[in-house]
Amino acid sequence: MTTAEGDNARSSSSDVWNLPNILTMLRIALVPFFVWFLLADDGRHGLWRWAAVLAFAVAIYTDKLDGDIARSRGLVTNFGKIADPIADKLLIGSALVLLSVLGELPWWITIVILVREWGITALRFVVIRYGVMPASRGGKLKTVVQTIAIFLFILPLKSFAPWLGDVAFWVMIVALAITVWTGVEYVVQALRLRAAGRRA
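Residues numbered from 1 in each chain as written. Predicted model: local features only at pLDDT ≥ 70, side-chain atom pairs only at ≥ 80, totals over all residues. Heavy atoms only, no water.

**Here we look at the overall build of the chain**
Counting its regular elements, the chain contains seven helices and zero strands. Its helices and strands taken in sequence order, the chain reads α-α-α-α-α-α-α from the N to the C terminus. A separation of at least 24 residues holds for 76% of the contacts in the chain among residues at least 6 apart in sequence. (Helix = DSSP H or I, 4+ residues; strand = E, 2+ residues; numbered from the N terminus. Contact = heavy atoms within 4.5 Å.)

Given below as structure tokens:
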């Protein structure tokens, strides 16, 4: 290995093992615990449900924290640009599927959102040789609204506040609309990135 190759390898390693990326990995590691807690509760809205709420809240906080740290310290990396959306999709996707399994969310909403999410993730990998597609403002808004909707769904307070279910449903409908719209935007962005890459 040449000196230049060794420097590049060390640089690549340090790019991955920085605090924002470690927080992203932590968020991925929290997903199985969130799934386990929600399944253990089995729709009873007891202590396990609160444990699922806590795991979800911590995971979402790491999402905000890693982004803030990456931007403030100049630690935005290509690994982070790819891993961060994947971590979000694992958390959001597992929550949607479990809510549908528990009969609390219509399956058609889950299917539409998951098809869009994983379709765009696959599209990122298809065009990665032309460049990395970072999350857009619309994409970030979509994640925020999805997160709020899921948080409202998993809160075990519906026996005290029955109206919370209706609020959660309509927030999810708004999230669905933003999800579909931003999906179209990403497809357009990918086509432009591919065209620019071919011209170059």
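**A look at the side chain of D41**
Inspection of the secondary structure assignment puts D41 in helix 2 (residues 19–41). No salt bridge is formed by the buried D41, whose closest oppositely charged neighbour, R49, lies at an N-O distance of 4.2 Å. A polar contact is formed between the side chain of D41 and the backbone nitrogen of R44, at a distance of 3.0 Å. (Buried < 20%, exposed > 50% of the residue type's maximum accessible area, 1.4 Å probe, protein only. Lys, Arg positive; Asp, Glu negative; His and termini not counted. Salt bridge = Lys/Arg side-chain N within 4 Å of Asp/Glu carboxyl O. Polar contact = N/O pair within 3.5 Å; in protein donor to acceptor, adjacent residues only side chain to side chain.)

**Overview of the UniProt feature "transmembrane region" (unreviewed entry) in the chain**
On the UniProt side, "transmembrane region" (unreviewed entry) is annotated at positions that read residues 20–39, 46–62, 107–132, 144–161 and 167–188 here. Helix and strand shares over residues 107–132 are 77% and 0% respectively, and the end C-alpha atoms of the span are 32 Å apart. For residues 167–188, the end-to-end C-alpha separation is 32 Å, with 100% helix and 0% strand making up the annotated structure. (UniProt positions renumbered as here; feature names shortened; annotations may be inferred.)

**What to know about the nonpolar core**
Within the largest apolar cluster, 31 residues are counted, with the highest numbers of intra-cluster contacts made by F34, F56, L96, L105, I150, I154 and M172. Breaking this core down by element, the ones donating at least two residues are helix 2, helix 3 (47–72), helix 4 (78–101), helix 5 (107–126), helix 6 (137–154) and helix 7 (163–199). When residues of this core are assigned to their parent elements, the largest contribution, six residues, is made by helix 4. Ignoring any residue separated from it by four or fewer positions in sequence, one finds L105 in contact with L96, L99, S100, T110, F153 and M172. (Core = buried A, V, L, I, M, F, W, Y, C linked by side-chain atoms within 4.5 Å.)

**Some thoughts on the layout of surface pockets**
Its boundaries defined by the atoms lining it, the largest pocket holds a volume of some 860 Å³. Forming the boundary of the largest pocket are 36 residues, of which D63, G67, R71, D84 and K140 lie nearest the centre. Within the residue set of the lining of the largest pocket, elements represented by two or more residues are helix 2, helix 3, helix 4, helix 5 and helix 6. Tallying contributions element by element places helix 3 first for the lining of the largest pocket, with nine residues. (1 Å grid on protein atoms, 1.4 Å probe; cavity = no way out; pocket = protein on both sides within 12 Å on 5 of 7 lines; lining within 4 Å. Points joined across faces, edges and corners; volume = space filled by probe spheres on them.)

**Some words on a nonpolar patch on the surface**
Together, W108, V112, V180, V184 and V188 give the surface a local cluster of nonpolar side chains, amounting to about 400 Å² of exposed area. Of all elements in the fold, only helix 5 and helix 7 reach the threshold of two or more residues within the nonpolar patch. Among the elements that line the nonpolar patch, the one with the most residues is helix 7, at three residues. Within the secondary structure layout, V180 lies in helix 7. (Patch = residues over 30% accessible without salt bridge, like charges linked within 9 Å, V, L, I, M, F, W, Y side chains within 5 Å. Areas by Shrake-Rupley, 256 points an atom, 1.4 Å probe, with all protein chains shown as cover.)

**As for the packing of aromatic side chains**
With the rule as written, the count across this model stands at five aromatic pairs. In textbook terms, an aromatic cluster arises when at least three aromatic residues are bridged by ring pairs, as seen for W36, F37 and W48. The residue whose ring lies beneath R124 is Y186, and the NZ or CZ to ring-centre distance is 5.1 Å. (Phe/Tyr/Trp six-rings, centres within 6.5 Å; stacked < 30°, edge-to-face > 60°. Lys NZ or Arg CZ within 6 Å of the ring centre and 35° of its normal.)

**Considerations on the pattern of salt bridges**
Going through the model one piece at a time under the given rule, you end up with five salt bridges. A salt bridge links R27 to D88; the nearest nitrogen and oxygen atoms lie 3.3 Å apart. Of the two residues, R27 sits in helix 2 while D88 sits in helix 4, which places them 61 residues apart along the sequence. The pair formed by R27 and D88 is uniform in burial state, with each residue classed as buried. Of the charged contacts, one joins E117 and K142 as a salt bridge, the two residues approaching to 3.0 Å between their closest N and O atoms. Of the two residues, E117 sits in helix 5 while K142 sits in helix 6, which places them 25 residues apart along the sequence. Note on K142: relative accessible area 5%, which makes it buried. What emerges from the salt-bridge pattern is a single network uniting K89, R116, E117 and K142.

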